[in-house]
Amino acid sequence: MQQSGVPGSRGCALCPLLGVLFFQGVYVIFSLEIKADAHVRGYVGENIKLRCTFKSSSSITDKLTIDWTYRPPSSSRTESIFHYQSFQYPTTAGTFRDRISWVGDVYKGDASISISNPTMKDNGTFSCAVKNPPDVHHNIPATELTVTERGFGTMLSSVALLSILVFIPSTVVVILLLVRMGRKSAGLKKRSKSGYKKSSIEVSDDTDQEGDDCMAKLCVRCAECVGLSWSLLCTYC
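Here the structure is a predicted model, which means the values were calculated and not measured.

Time to look at the state of the cysteines. Applying the stated rule across the entire model yields one disulfide. Disulfide partner of Cys-52: Cys-128, at an S-S distance of 2.1 Å. The sign of the S-S torsion, about -80°, decides the handedness of the disulfide formed by Cys-52 and Cys-128: left-handed. With Cys-52 in strand E4 (residues 52-56) and Cys-128 in strand E10 (residues 124-131), this pair connects stretches of sequence that are 76 residues apart. What makes Cys-128 buried here is its relative accessible area of 0%.

Read across the sheet, three strands follow the order E3-E9-E8 without closing on themselves; strand pairing throughout is antiparallel. For this open sheet the edge positions go to strand E3 (48-50) and strand E8 (100-102), each flanked by a neighbour on one side alone. Taken over all neighbouring pairs, the strand axes of this sheet differ in orientation by 30° on average, direction set aside. As defined by bridge partners, E8 adjoins strand E9 (residues 113-115) across three bridges and the pair is classed as antiparallel. Directly across from Ser-101, in E9, lies its bridge partner Ser-114.

By secondary structure assignment, the location of Pro-118 is in the loop between E9 and E10. Given the relative accessible area of 2%, Pro-118 is considered buried. Distance from Pro-118 to Tyr-43, taken between C-alpha atoms, is 7.2 Å for residues 75 residues apart in sequence. Once residues within four sequence positions are removed from consideration, Pro-118 is found in contact with Tyr-43, Val-44, Gly-45, Glu-46, Asn-47, Ile-48, Arg-99 and Val-147.

Bridge count for strand E5 (residues 65-71) against E10 is seven bridges, and the pairing is antiparallel. By the bridge assignment, Thr-69 is partnered in E10 with Ser-127.

What counts, and at which threshold
Residue positions within a chain follow its written sequence, with the count starting from 1. Local features in a predicted model are, by the rule used here, given only for residues with pLDDT of at least 70; side-chain atom pairs are given and counted only at 80 or more, and totals for whole chains, interfaces and linings are based on all residues. The basis for the side-chain values is all heavy atoms of the structure; hydrogens and waters are excluded. To count as a disulfide, a pair of cysteine sulfur atoms needs to be within 2.5 Å. Secondary structure elements are defined from DSSP: runs of H or I of at least 4 residues count as helices, runs of E of at least 2 residues count as strands, and each element is numbered from the N terminus. Buried residues are those whose accessible area, probed at 1.4 Å on protein chains only, stays under 20% of the maximum for their type, while exposed residues exceed 50% and partly exposed ones sit between those limits. Being paired, for any two strands, means DSSP has found at least two bridges between them. As a rule, the C-alpha atoms of each element are fitted with a line to give its axis, helices using only the stretch in contact, and angles between N-to-C directions run from 0 to 180 degrees. Note on contacts: a residue pair qualifies if any of its non-hydrogen atoms lie within 4.5 Å across the two residues.

Note that all results are geometric; they support no functional claim without further evidence.
Structure, rendered in structure tokens:
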């Protein structure tokens, strides 16, 4: 009785341990994590990249598959827009026909795609699913895409760039030229009030007046550039 009871008790004691090891083994084998941007904003006519990355505990093989699906706003209907298995298979039907491109690299854990010529009709939810047997159980992240026309905020950024490249340098040049011309003019007035005769060297310096005229013309040109930049700013605004 005692001998038969001891083996049985040992077996019951090992069962929980074996069960934990078993479930831990399953967890490790089927470990697949996928990440994607929760929100993506794009503009009409400008290519949009939908990022999707994954990490798998198994080596990449030709059994790996990637599927992208699309769901319109306020709808439960989904449609397949891209499939990958050793080669990319973008959809050949629907609104995304000939507009989906593969930009990922499975060996780097990248399952991203790109949408060309997007419109506001492309707004909706995009989902990225990856399977790499035996890693098949995973989360399916969703990306909300919002496509809009470029508006006032974009124009403001263009105006800021224009100000940096044109307006500010031109203004600095004009200020420096005006300061230099002002100093020379003040020196000439001081000499004229003193009433002394010019030396031969000072007379020769009068030829520099032509250089001052060139500087004055350059100053006018820079002022015109400043005026042009202001008019462009007003046009954008």
